[in-house]
Amino acid sequence: MTGDIVEAAKFIGAGLSMIGALGGGVGIGLSVQGALEGMARNPDAYGTLLTNMILGIAFSEAIAIYCLVIAFLMLFVL
Amino acid sequence: MEKTRKWRYGINRWIILLLLIALVVIMVFVPRIQPHIQVAPENVSHGPLFSLPVLGDFYLTNTLVAMVLMDIILLGIGYAVYRTIKKGDLVPHGLAGAMEALLEVIYNLTESSAGKWARKIFPYFATISLMVVVSNLMEMLPGVDSIGVLEESPHGNPLWVMIPGFMAAVVQGSAEHLGEGYVVVPYVRVLSTDLNFTAALAVVSVAMTQVIGFQAQGWRYLIKFFNFTTLISKPVFGLIDLLVGLLEIISEFSKVLSFTFRLFGNIFAGSVLLFLLGSMLPFLQSGMMLFEFFIGMIQAVVFGMLTMIFMSQATHGHGAEEHHE
């Protein structure tokens, strides 16, 4: 009985921790929006904007990945 | 050598199409199993390699094997480039040319942000990027994460023996008795899915940032952390500066954490995704491989570039702005 409750709590906790991926999604959306506006205004800056956009996406994605790490730790380690 | 390459309908595409069809056929007839996922690296050797009195036993883990492989690959590339350059051609061809182009891009990036300290910072950027990119792209090699020794496990799957005593595969089904279930412990596991590797790399990166800061500014580098300079002249804002400097100490430690978990999380999440897709929808796995290829390279560049940016920030003095006022 207690084992089942712990098992269920693991899954619930893993699901709850993934709420944090929301922030990563918003961040990626904002950075792509900014880069696309810049590209539309100044198409010559396409290359540098694309590189910096991908770098920024990688950083905001890392925040979502932290949540994923916590979820994995709950599922497979605890 | 000025030969325009014509696009021909070659035989390669038919081989790829055949492989895709074979994949679908195998997918239908051979039942898939869900692999056992573990965060800590598995031990390949049964007994400990050696023991130290305080630290305990040392095992041969599968990420250690991957690290030796990575070192061999990098040293091989280095030796091949050395051989090509020793021949004395002004224009390097092949691998040496590719490495020269890559390192030139990295050097220009470093120089644009670090200025005269580029020669000092460039080796860290290049070494970290090359190490991480080789260890991440090892995920693409066939056999990595799938060929290994069999180990008994309570939640394992039954065996299908191909050659008795030599080769066997784990197949779908549940083991009825204890000692019949097996899991595969791979010989080689992607190096970046080991927290020890990413943490060690992060500690090296942040520690060398401090060393470069001291080399650039001498003892004035400590003003960044213990800012007593404005405490007397501007009492209130000086106190705030002091507290901000103390927060910088915490931020150095959080750099280690964020370096560690960014690389580990991206690559481990990618490999778990590949495992689960492989057990559910195998034909989508090849598409996901392409995405993981991209992620692996991006994370290598991000790790190196962040190191470079932190190092070039450490060379800029904190007190320099106050002389302008």
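Residues numbered from 1 in each chain as written. Chains lettered and ligands numbered in written order. Predicted model: local features only at pLDDT ≥ 70, side-chain atom pairs only at ≥ 80, totals over all residues. Heavy atoms only, no water.

1. Here we look at the overall build of chain B
Moving on, step 1. When you go through chain B residue by residue, the secondary structure sums to eight helices and six strands.
Moving on, step 2. Starting at the N terminus, the α and β elements of chain B follow one another as α-β-β-α-α-α-β-β-β-β-α-α-α-α.
Moving on, step 3. Per-residue burial for chain B yields a buried fraction of 35% across its 325 residues.
Moving on, step 4. Expressed as a percentage of contacts within chain B between residues at least 6 apart in sequence, the contacts between residues at least 24 apart total 67%. (Helix = DSSP H or I, 4+ residues; strand = E, 2+ residues; numbered from the N terminus. Buried < 20%, exposed > 50% of the residue type's maximum accessible area, 1.4 Å probe, protein only. Contact = heavy atoms within 4.5 Å.)

2. A look at the overall build of chain A
Moving on, step 1. Scanning chain A from terminus to terminus reveals three helices and zero strands.
Moving on, step 2. For chain A, the succession of helices and strands along the chain, N to C, is α-α-α.
Moving on, step 3. Here chain A has a C-alpha radius of gyration of 18 Å; the compact-globule value for 78 residues is 12 Å, and the former is much larger.
Moving on, step 4. C-alpha atoms of chain A, sized along the principal axes, occupy 65 × 15 × 10 Å.
Moving on, step 5. Taking all 78 residues of chain A together, the buried fraction comes to 24%.
Moving on, step 6. Total accessible area on chain A is roughly 4,800 Å²; 74% of this is exposed by carbon and sulfur atoms. (Rg over C-alpha atoms; globule rule 2.2 N^0.38 Å. Areas by Shrake-Rupley, 256 points an atom, 1.4 Å probe, with all protein chains shown as cover.)

3. So, the confidence of the model for chain A
Moving on, step 1. When the pLDDT values of chain A are averaged, the result is 87; 100% of them are 70 or greater.
Moving on, step 2. Helix 3 (residues 46–77) of chain A is the least confidently modelled element of chain A, averaging 84 in pLDDT, while helix 2 (residues 21–41) of chain A averages 93, the highest of any element. (pLDDT = per-residue confidence, 0-100.)

4. Focus: the interface of chain A and chain B
Moving on, step 1. Chain A puts 14 residues into the contact, and the matching count from chain B is 18 residues.
Moving on, step 2. Both faces combined, the contact of chain A with chain B buries some 1,400 Å², and carbon together with sulfur accounts for 83% of it.
Moving on, step 3. The interface formed by chain A and chain B includes zero salt bridges.
Moving on, step 4. Viewed at the interface, chain B and chain A are joined by one residue pair in polar contact (both at pLDDT 80 or more). (Buried area = accessible area lost by both parts, 1.4 Å probe. Salt bridge = Lys/Arg side-chain N within 4 Å of Asp/Glu carboxyl O. Polar contact = N/O pair within 3.5 Å; in protein donor to acceptor, adjacent residues only side chain to side chain.)

5. Quick notes on the nonpolar core
Moving on, step 1. Of all hydrophobic cores here, the largest spans 39 residues; its most connected members are Met70, Ile121, Val132, Leu201, Phe259, Val302 and Phe303 of chain B.
Moving on, step 2. Put simply, the parts of the chain that give this core at least two residues each are helix 3 of chain A together with helix 2 (62–86), helix 3 (94–114), helix 4 (118–137), helix 5 (195–217), helix 6 (235–280) and helix 7 (282–315) of chain B.
Moving on, step 3. Filtering out sequence-adjacent residues up to four positions away, Phe303 of chain B remains in contact with Ile128, Leu201, Ala202, Ser205, Phe259 and Leu263 of chain B.
Moving on, step 4. Membership of the second largest hydrophobic core comes to nine residues, among which are Ile65 and Val69 of chain A together with Ile37 and Phe268 of chain B. (Core = buried A, V, L, I, M, F, W, Y, C linked by side-chain atoms within 4.5 Å.)

6. Focus: the pattern of salt bridges
Moving on, step 1. Per the stated rule, a full pass over the model turns up four salt bridges over all chains.
Moving on, step 2. Note that Glu7 of chain A and Lys10 of chain A form a salt bridge whose closest N and O atoms lie 3.9 Å from each other. Taken together, the residues Glu7 of chain A and Lys10 of chain A, both in helix 1 (residues 2–17) and three residues apart, mark about one turn of the helix.
Moving on, step 3. Take Glu7 of chain A: its relative accessible area is 38%, and that puts it in the partly exposed class.
Moving on, step 4. The shortest N-O distance in the salt bridge between Glu252 of chain B and Lys224 of chain B comes to 3.5 Å. Taken together, the residues span a long stretch of sequence, with Glu252 of chain B in helix 6 and Lys224 of chain B in the loop between helix 5 and helix 6 at a distance of 28 residues.
Moving on, step 5. According to the relative accessible area criterion, Glu252 of chain B is buried, its value standing at 8%.
Moving on, step 6. Classification of Lys224 of chain B as partly exposed rests on a relative accessible area of 21%.

7. Section: the layout of surface pockets
Moving on, step 1. In this structure, the second largest pocket occupies an estimated 730 Å³ of space.
Moving on, step 2. Lining the second largest pocket are 26 residues, with Leu102, Val105, Ile106, Met297 and Val301 of chain B sitting closest to its centre.
Moving on, step 3. Every element with two or more residues in the lining of the second largest pocket is listed here: helix 3 of chain A together with helix 2, helix 3, helix 4 and helix 7 of chain B.
Moving on, step 4. Ranked by the residues each element gives to the lining of the second largest pocket, the list is headed by helix 3 of chain A, at seven residues. (1 Å grid on protein atoms, 1.4 Å probe; cavity = no way out; pocket = protein on both sides within 12 Å on 5 of 7 lines; lining within 4 Å. Points joined across faces, edges and corners; volume = space filled by probe spheres on them.)

8. A few points about the packing of aromatic side chains
All names here are of chain B.
Moving on, step 1. The tally for this structure, following the rule as stated, stands at nine aromatic pairs over all chains.
Moving on, step 2. Ring geometry for Tyr107 against Phe122: centres 5.2 Å apart, planes inclined by 80 degrees, an arrangement best described as edge-to-face. Here the residue Tyr107 occupies a position in helix 3, and Phe122 occupies one in helix 4, the gap between them amounting to 15 residues.
Moving on, step 3. Judged by relative accessible area, which is 23%, Tyr107 ranks as partly exposed.
Moving on, step 4. On the basis of an interplanar angle of 90 degrees and a centroid distance of 5.6 Å, the ring pair of Tyr221 and Phe225 is categorised as edge-to-face.
Moving on, step 5. Residue Tyr221 is classed as buried on the basis of its relative accessible area, which comes to 1%.
Moving on, step 6. The class for Phe225 is buried, based on a relative accessible area of 7%.
Moving on, step 7. In textbook terms, an aromatic cluster arises when at least three aromatic residues are bridged by ring pairs, as seen for Phe214, Trp219, Tyr221 and Phe225.
Moving on, step 8. Between Lys255 and the ring centre of Phe310, over which it is positioned, the NZ or CZ distance is 4.1 Å. (Phe/Tyr/Trp six-rings, centres within 6.5 Å; stacked < 30°, edge-to-face > 60°. Lys NZ or Arg CZ within 6 Å of the ring centre and 35° of its normal.)

9. Digging into helix 3 of chain A
Moving on, step 1. Here helix 3 of chain A is 32 residues long and its end C-alpha atoms lie 44 Å apart, about the 46 Å a rise of 1.5 Å per residue gives.
Moving on, step 2. Buried residues in helix 3 of chain A make contact with helix 1 and helix 2 of chain A together with helix 6 and helix 7 of chain B. (Expected span 1.5 Å × (residues − 1).)

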